[in-house]
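Geometric and topological summary
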Amino acid sequence: MKKVATKKDTIAVDILNKLGAEVKTVKEIEDAHTMLKRGEVNAVVFDSLILQHKIKSEDNKEVFSIVDIFNHHTYGFAFPNSSKIRDKVNEVILEIYDSGEYQKIYKKWFGRYNF
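Right, let's walk through the structure included here.

Definitions and limits used
Along every chain, residues carry numbers that run from 1 in the direction the sequence is written. This being a predicted model, a pLDDT of at least 70 is required before a residue's local features are given, and a value of 80 or more before pairs of side-chain atoms are given or counted; all residues contribute to the totals for chains, interfaces and linings. Computation of side-chain values: all heavy atoms of the structure, hydrogens and water removed. Here an axis means a line fitted to C-alpha atoms, over the contact stretch when the element is a helix, while the angle between two N-to-C directions is reported on a 0 to 180 degree scale. Only DSSP runs of H or I covering at least 4 residues are called helices, and only runs of E covering at least 2 are called strands; the numbering of each starts at the N terminus. For classification purposes, an angle smaller than 35 degrees is called roughly parallel, one larger than 145 roughly antiparallel, one from 65 to 115 roughly perpendicular, and anything else oblique. Throughout, a contact is declared for two residues whenever any of their heavy atoms are within 4.5 Å. Charged means Asp, Glu, Lys or Arg here, nonpolar means Ala, Val, Leu, Ile, Met, Phe, Trp, Tyr, Cys or Pro, and polar covers whatever is left, Gly included. We define a salt bridge as a side-chain nitrogen of Lys or Arg found within 4 Å of a carboxyl oxygen belonging to Asp or Glu. Partly exposed describes any residue whose relative accessible area lies between the buried limit of under 20% and the exposed limit of over 50%, with all areas from a 1.4 Å probe on protein chains only and scaled to the type maximum. Put simply, two rings from Phe, Tyr or Trp (the six-membered ring, in Trp's case) pair if the centres are within 6.5 Å, and we call them stacked under 30 degrees between planes, edge-to-face over 60, tilted for the rest. For two strands to pair, DSSP has to find at least two bridges joining them. How far a helix is expected to stretch is found by multiplying one less than its residue total by 1.5 Å.

Some thoughts on the packing of helix α4 (residues 86-99) against helix α5 (residues 101-110)
Relative orientation of the contacting elements α4 and α5 amounts to 80 degrees, with a least axis distance of 4 Å. In terms of axis orientation, α4 runs roughly perpendicular to α5. Listed contacts from α5 to I96, Y97 and S99 of α4 are E101, Y102 and Q103. Here the contact of α4 with α5 is composed, by residue class, of three nonpolar, two polar and one charged.

Right, here's the structure in full:
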């Protein structure tokens, strides 16, 4: 049975239990990373952006990421219908995405661009 660290009180705990992993829950990614480096767990399952940023920012030679998102979530912005900035925010998001700037920002903070 593989030992896997993941954030407590998340859907990952349920999924890993169903897969037969021995789940070790943590509060922060740093705790999971420490457990992995010490050999206390075989793998870490966490939010993919947090993992990618952690790996990229620390230039981890001994840790690598297998990008296999098994419970994809997307996020967005919500504004009231009467919001004066809603249309402008939509325009700017589309502009940075269409121009390739979004991909550059993503790569800067998280490494490779996966979309």
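Additional details are given in the paragraphs that follow.
Here we look at the pattern of salt bridges
Summed over the entire model, instances satisfying the criterion amount to three salt bridges. With its nearest N and O atoms 3.0 Å apart, the salt bridge here joins K24 to E22. Given the relative accessible area of 29%, K24 is considered partly exposed. Put simply, R86 and D87 hold a salt bridge, and the shortest N to O gap is 3.9 Å. Since its relative accessible area comes to 27%, R86 is described here as partly exposed. Overall, D87 belongs to the partly exposed group, its relative accessible area being 48%.

A word on the packing of aromatic side chains
What characterises a pair of aromatic rings is the spacing of the ring centres plus the angle enclosed by the ring planes. Under the criterion given, the structure shown has two aromatic pairs. Residues Y97 and Y102 carry aromatic rings whose centres are separated by 5.6 Å and whose planes lie at 45 degrees to one another, so their mutual orientation is tilted. Consider the rings of Y102 and Y106, whose centres lie 6.3 Å apart with planes at 40 degrees: the pair is tilted. Placement of both Y102 and Y106 in helix α5 is noted, with a separation of four residues, approximately one turn of the helix. Owing to a relative accessible area of 4%, Y106 belongs among the buried residues under this scheme. Clustering of aromatic rings is evident, with ring pairs tying together Y97, Y102 and Y106.

Examining the sheet that holds strand β1 (residues 3-7)
Ordered in space as β2-β1-β3, the three strands form an open sheet in which the pairing is parallel. The open sheet is flanked by β2 (22-26) and β3 (43-45), the only strands paired with a single partner. Strand-to-strand, the axes of this sheet are offset by a mean angle of 30 degrees, without reference to chain direction. Across five bridges, the pairing between β1 and β2 is parallel. The residue of β2 that forms the bridge with A5 is K24. Lying on the sheet, helix α1 (residues 11-18) is in contact with β1, β2 and β3; it crosses β1 at an angle near 160 degrees.

Some details on α4
Taking 1.5 Å of rise per residue, 14 residues should cover 20 Å, and α4 covers 20 Å from first to last C-alpha, within 8% of that figure. Remark: G100 follows α4 within two positions and exhibits a positive phi of approximately 90 degrees.

Concerning unusual backbone geometry
One non-glycine residue with positive phi stands out, namely D9, at about 60 degrees. By secondary structure assignment, the location of D9 is in the loop between β1 and α1. Taking the relative accessible area as the measure of exposure, D9 reaches 72% and is therefore exposed.

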